[in-house]
Amino acid sequence: MTDSIVYLVGAGPGDPELMTLKGMRLVRQAEAVVYDRLVSDEILAEIPKDAARIYVGKQGGTHSIPQAEINALLVDLAGQYSNVVRLKGGDPFVFGRGAEEAMALVAAGVEVEVVPGITAATGIMSGIGLPLTHRGVANGVRFVTAQCGKNVPLELNWDSLADPATTLVVYMGLAKLPEISSKLIAAGMPADQPSLAISQGTTDRERICRTSLKDLPKLVKDKALEPPVLIVIGQVANLSEDLGITLD
Ligand SMILES: C[S@@+](CC[C@H](N)C(=O)[O-])C[C@H]1O[C@@H](n2cnc3c(N)ncnc32)[C@H](O)[C@@H]1O
């Protein structure tokens, strides 16, 4: 074990004020910060001027740095600095590959601490003013990802996901939205199940599409929603009027 520590810090869903006080304190004290695409400029502005700052997000909009290289980089930085922050959008352990990084660090004998963040699902929905669960409307919520790996077909358990009484949140679902919609309907989810697609949630660029599950892919395409986009399928999307929210 080295004397170094690597903090895996959740930066929250977009709005910089939705990051934890602990996460922000660690960013301000960091000697080196490794960050990706979903971390806001306002949070990056808090990195000390003399700290090393390393971007490992998508390069040129498409190509991502392989996860093994990021893991090796973190181990390497822990050998050079006593205090390293790995900043990730949302929560580091929700579809963020944070545990893979933690495992690589642990295997290399580096101390790791995970600092939770508000994940996109809870941050965006509560930020809009809509619940993910509501008595008599949605008695549960499921988070799934539509990203299964490069060139790997989307294989989700559609029968179990097609439950109209459970809110379904799909991360990384934009590219596969037509398939998600048609497979859920084929598995028995009502075609008119209320659905949302939220682009750049909790930021001042936030855009929301609301329609039926069947029509969501076309609306999202027509409105040219930009990533990141979160898909939320469930009756909770229809509670806006009772909650005094204007969505459309
Ligand atoms: C690689 S995952 C990271 C999730 C992150 N660890 C979290 O807990 O929110 C990225 C996906 O999260 C969702 N996402 C994250 N931030 C978002 C935002 N501000 N607006 C909409 N979707 C967002 C999108 O589905 C995006 O494709």
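These remarks concern the structure in this document. Not measured: the values here are computed from a predicted model.

When helices and strands are counted, the protein chain shows eight helices and 10 strands. The C-alpha atoms of the protein chain give a radius of gyration of 19 Å, which matches the 18 Å a tight globule of 248 residues would have. Viewed in the frame of its principal axes, the protein chain has a C-alpha envelope of about 55 × 40 × 35 Å. Expressed as a percentage of the 248 residues in the protein chain, the buried residues total 47%. Of the roughly 12300 Å² that the protein chain leaves accessible, carbon and sulfur atoms contribute 52%. With 22 positive and 29 negative side-chain charges, the protein chain shows a separation of 4 Å between the mean positions of the two kinds.

Moving on to the side chain of Ser199. Considering the arrangement of structural elements, one finds Ser199 in strand β8 (residues 194–199). On the accessibility criterion, Ser199 (2% relative accessible area) is buried. A distance of 2.6 Å separates a polar atom in the side chain of Ser199 from the backbone oxygen of Glu226. Setting aside its immediate chain neighbours within four residues, Ser199 contacts Arg205, Glu206, Arg207, Leu225, Glu226, Pro228 and Val229.

Right, let's get into the sheet that holds strand β4 (residues 83–88). Spatially, five strands are ordered β3-β2-β4-β1-β5 in an open sheet, and the strand pairing comes out parallel. What marks the edges here is a single partner per strand, and that holds for β3 (52–55) and β5 (111–115). Here the strands of the sheet are splayed against their neighbours by 20 degrees on average, with no regard to which way each runs.

Burial of nonpolar side chains together is a common tendency in soluble globular proteins. With 21 residues, the main nonpolar core has Leu184, Ala197 and Ile231 as its most contacted residues. Elements represented by at least two residues in this core include exactly α6 (158–161), β7 (166–171), α7 (177–186), α8 (216–222) and β10 (229–233). Contacts of Ala197, omitting those with residues within four sequence positions, involve Arg207, Ile208, Cys209, Leu216, Val220, Leu225, Val229, Leu230 and Ile231.

This part covers the packing of aromatic side chains. Enumeration over the complete set of coordinates arrives at three aromatic pairs. Where Tyr35 meets Tyr55, the ring centres are 5.5 Å apart and the plane angle is 50 degrees; that geometry is what we call tilted. Here Tyr35 is found in strand β2 (residues 32–35), whereas its partner Tyr55 is found in strand β3, with 20 residues between them in sequence. For Tyr55, a relative accessible area of 33% corresponds to the partly exposed category. Among the aromatic residues, those joined into a ring-pair cluster are Phe95, Phe143 and Tyr171.

About the cut-offs
Residues numbered from 1 in each chain as written. Predicted model: local features only at pLDDT ≥ 70, side-chain atom pairs only at ≥ 80, totals over all residues. Heavy atoms only, no water. Helix = DSSP H or I, 4+ residues; strand = E, 2+ residues; numbered from the N terminus. Rg over C-alpha atoms; globule rule 2.2 N^0.38 Å. Buried < 20%, exposed > 50% of the residue type's maximum accessible area, 1.4 Å probe, protein only. Areas by Shrake-Rupley, 256 points an atom, 1.4 Å probe, with all protein chains shown as cover. Lys, Arg positive; Asp, Glu negative; His and termini not counted. Charge placed at Lys NZ, Arg CZ, Asp CG, Glu CD. Polar contact = N/O pair within 3.5 Å; in protein donor to acceptor, adjacent residues only side chain to side chain. Contact = heavy atoms within 4.5 Å. Pairing = 2+ DSSP bridges. Axes fitted to C-alpha atoms, helices over the stretch in contact; angles between N-to-C directions. Core = buried A, V, L, I, M, F, W, Y, C linked by side-chain atoms within 4.5 Å. Phe/Tyr/Trp six-rings, centres within 6.5 Å; stacked < 30°, edge-to-face > 60°.

These results come straight from atomic positions and should not be treated as a statement about function.
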